[in-house]
Every structure is written in C-alpha cells, then in structure tokens.
Amino acid sequence: MFSSIDNTAWMDEEDEQLNFDGMLTEVTKWSMNQNKFQFRQTVTHNLLLMGKTRTGKTTVAEVLADPCYVPLDAKLHSDTKEVTIHPVVVTMVHEDRIYCFNVVDTPGLYDKVKNRVTPLSNERIKVVIDECIKKDVTNMHLFAFVISLKGNVDTEDISSMKFIMKNYPKLHPHICLLVTHCEGNSAEQRTAKVKEFFESQTVVALGLKEFFGQNIYYMGSLRPELRTNPDKQCVRQQMRNILEMREKFLEYIISIDVKNSFNIHRLDVADPACKIL
C-alpha cells in the first residue's frame, strides 16, 4: 500500500518535454517516497572461529552482533557441541551499505562439553571443521584462532595452535589471532601480555608467531558478575574497551576483499602436506 504522504503530483501532472535523465530523476524521487522495500548494497564476509574450548568463541559472535551482550556466568564445560553459524548484519554510520557476517562457531579443541560420555578428540573436531568448510560455507574470508587473556596461556593453548598450524598449513594468509577476555585491560596491557606469550621459548621454537601473529585483534564482553554486583565505573571502562576492540576487528573484516577467500575446492588436491584434503 502506498504511503499516505501526498507526493503524487508529478505522476498526475500534464506531460512536459523532458530528456530521459530528467524524467528518470523525477520518477526516482516519486518512487523513493512510495517504495516500502528499498534494497541496499550488501557485502558478505564469512568468519570461522577456532581454538581451545572455553576461550569465548561463542561470546565473540554475540558481541559482534551486540556490544552490550552479557554472557551467562562462566561454566566449567562448553555448550558448543557442533558447528553453529551466527548471521550478523551491521551498517556503518553515514554509509549506504549493509555488511553481513556469517560467524561460524566450532567446538573447542581439548573439548570439555558437559554431559559428554567421551570428549570429542581434536581429530574429531578437525573432521567437523573440515565438513563445515567443504559443505556449509565453502568460501571463508577469515579464520580467527581464539585464545583467552583471562588466565595464563597454558600448554593446551600452545598445543591447539600447533595442531591448527600442522593440519591447516595453507590457512596462513587467511588466519588471525583473536585474544578474548580483554575488556578489563588497557591497550598497553593487552599488547604486553601477547608479546610475553610470543617471546616464550616454546612458542618461538614452534614458529607460532609467524603463522598466527600477522594480525592480532582483541575482544571482550561485559562481565557476567555485573549482574550481581552492578558497578558503573567498571561498566564504563569495560564498554569503552569493548567498543574500541570491536570496531577495530570489524574494520579489519570489512577491509578484506570478498574475492580473496579460502575455498577448499580450489586447492591442489595432490598436495600431501595439507591434511584438510
């Protein structure tokens, strides 16, 4: 049904001699007022999150959609049992374009899913990720390996990174390191913590920085304890950090050329080094 605003004079007035461009300009103005279904240009990026369990991969997807998202209290076990795709749509202020993100959340390495009789092995999780890349979202624009800054980076984090580097060697141009639980840390504190990690002898010996460290981004969320202990000063600090980190990460994803994607079906199937095939 047309808009109730009376802007139909041009459609009813007597014809005048107009060139095509002038005529199209006038009818476009009228159409814009009457058209309820106005489409915008959309740009779609696909992002796959991988890493050890309990690092906050699911929370990353939620915060990308809503920076004010507050996760539930942390659990001992992860709830992510299979690949989940979170569609997220955002618009840039003052820009007539819509950005769509398919955020693919995968089960964590060193799985600790609640009520599972037998935890998923890393090899089984690899099969799940492979199937997702092959069937669900074949063109991946970015892989993000997620580690948490909440505690000390442990041997499982390092082993998880080593596992990914060994089994997905051709992801190097498409993978970044995403450090979570950073809402309470300043930029200087975040940088120092990651620098310390990459300078450890074990990490240097494995060459992990060269594989994961080309692009390092940070994320966080409002802490769940704010529900029981509201603190305006804390929420202000966390929110400023979250918005800053989220903006930088989204700007990075948006900057990726959508034509530059990882497609498993275009790889050289004869390459024995890539176990993903």
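The present account deals with the structure reproduced in this document.

Conventions we followed
- Per-chain numbering applies: the sequence of each chain, read as written, is numbered from 1 onward.
- Under the rules for a predicted model, residues below a pLDDT of 70 receive no local features and side-chain atom pairs below 80 are neither given nor counted, while totals for whole chains, interfaces and linings still include all residues.
- Excluded from the side-chain calculation are hydrogens and water; included are all heavy atoms of the structure.
- Two aromatic rings, drawn from Phe, Tyr or Trp (for Trp, its six-membered ring), form a pair once their centres lie within 6.5 Å of each other, and the interplanar angle then sorts them: stacked below 30 degrees, edge-to-face above 60, tilted otherwise.
- Over a ring means this: the NZ of a Lys or the CZ of an Arg is within 6 Å of the ring centre and within 35 degrees of the ring normal.
- Here, a salt bridge means any side-chain nitrogen of Lys or Arg that lies within 4 Å of a carboxyl oxygen of Asp or Glu.
- Only DSSP runs of H or I covering at least 4 residues are called helices, and only runs of E covering at least 2 are called strands; the numbering of each starts at the N terminus.
- When a residue's accessible area, from a 1.4 Å probe over protein chains only, is under 20% of the maximum for its type it is buried; when over 50% it is exposed; and in between it is partly exposed.
- Here a strand pair is declared whenever DSSP counts at least two bridges between the two strands.
- Orientation is described by axes fitted as lines to C-alpha atoms, over the contacting stretch for helices, and by angles from 0 to 180 degrees between their N-to-C directions.
- Residue contacts follow a heavy-atom distance rule, with two residues in contact if any of their heavy atoms lie within 4.5 Å.
- To estimate how far a helix should reach, multiply one less than its number of residues by 1.5 Å.
- Polar contacts here mean pairs of N or O atoms no more than 3.5 Å apart (in protein, one a potential hydrogen donor and the other a potential acceptor; neighbouring residues in sequence count only if both atoms are side-chain atoms).
- Read the arc as the range of directions from the helix axis to the C-beta atoms.
- Cavities and pockets were defined on a 1 Å grid built from protein atoms only: a cavity is a group of points that admits a 1.4 Å probe but offers it no way out, a pocket is an open group of points flanked by protein on both sides within 12 Å along at least five of seven lines, and a lining residue is one with an atom within 4 Å of any such point.
- Grid points are joined across faces, edges and corners, and a volume is the space filled by probe spheres set on the points.
- Any residue that is not Ala, Val, Leu, Ile, Met, Phe, Trp, Tyr, Cys, Pro, Asp, Glu, Lys or Arg is counted as polar, Gly included; the first ten are nonpolar and the last four charged.

## Some words on the packing of aromatic side chains
- The full count for this structure, using the stated rule, is 5 aromatic pairs.
- Every member of this aromatic cluster is reached through a ring pair, and the members are Phe145, Phe211 and Phe212.
- A cation over a ring is seen here: lysine 209 above phenylalanine 198, with NZ or CZ 5.7 Å from the ring centre.

## As for the pattern of salt bridges
- Using the criterion set out here, one finds 5 salt bridges in the structure.
- Across the salt bridge formed by lysine 52 and aspartate 157, the nearest N and O atoms sit 3.5 Å from each other. Pair noted here: lysine 52 is in the loop between strand 1 (41–51) and helix 3 (57–65) and aspartate 157 is in helix 5 (residues 155–167), with a separation of 105 residues, a long-range link.
- Its relative accessible area of 4% is what places aspartate 157 among the buried residues.
- A salt bridge links arginine 190 to glutamate 244; the shortest N-O distance between them is 3.8 Å. Here the residue arginine 190 occupies a position in helix 6 (residues 187–198), and glutamate 244 occupies one in helix 9 (residues 232–255), the gap between them amounting to 54 residues.
- Through salt bridges with shared partners, a single ionic network connects Arg190, Glu244 and Lys248.

## Considerations on the sheet that holds strand 2 (residues 84–91)
- With mixed pairing, the 6 strands of this open sheet are ordered in space as 2-3-1-5-6-7. With partners counted over all chains shown, the strands left at the sheet margins are strand 2 and strand 7 (216–218), one partner each. Pairwise comparison of adjacent strand axes, ignoring direction, gives a mean angle of 30 degrees for this sheet.
- Here 3 bridges tie strand 6 (residues 175–180) to strand 7, and the two strands are oriented parallel to one another. The residue of strand 7 that forms the bridge with valine 179 is tyrosine 218.
- Lying over the sheet, helix 3 contacts strand 1, strand 2, strand 3 (97–105), strand 5 (142–148) and strand 6, oriented at roughly 25 degrees with respect to strand 2.

## Digging into helix 9
- Helix length check: helix 9 (24 residues) gives 34 Å between terminal C-alpha atoms against 34 Å at 1.5 Å per residue, within 8%.
- Taken residue by residue, helix 9 has Gln238, Met239, Asn241, Ile242, Met245, Arg246, Phe249, Leu250, Tyr252, Ile253 and Ile254 as its buried positions.
- The opening residue of helix 9 is aspartate 231, an N-cap whose side-chain oxygen sits 3.0 Å from the backbone nitrogen of glutamine 233.

## Topic: helix 6
- In this model helix 6 runs 17 Å from its N-terminal to its C-terminal C-alpha over 12 residues, within 8% of the 16 Å that 1.5 Å per residue would give.
- Restricting attention to buried positions, one finds in helix 6 the residues Arg190, Val194, Phe197 and Phe198. Taken down its axis, helix 6 places every buried residue within 95 degrees of arc, on the same side. Residues of helix 6 that are exposed and point more than 90 degrees away from the buried face comprise Glu188 and Glu196.
- Those residues of helix 6 that are buried are in contact with helix 5, strand 6, helix 7 (201–206), helix 8 (208–212), strand 7 and helix 9.

## A short note on the layout of surface pockets
- In this structure, the second largest pocket spans a volume of roughly 240 Å³.
- If you go around the second largest pocket, the residues you meet are Val90, Thr91, Met92, Val93, Tyr99, Leu243, Arg246, Glu247, Leu250, Glu251 and Ile254.
- Those elements that place two or more of their residues in the lining of the second largest pocket are strand 2 and helix 9.
- When residues of the lining of the second largest pocket are assigned to their parent elements, the largest contribution, 6 residues, is made by helix 9.
- Its residues assigned to classes, the lining of the second largest pocket shows 7 nonpolar, 1 polar and 3 charged.

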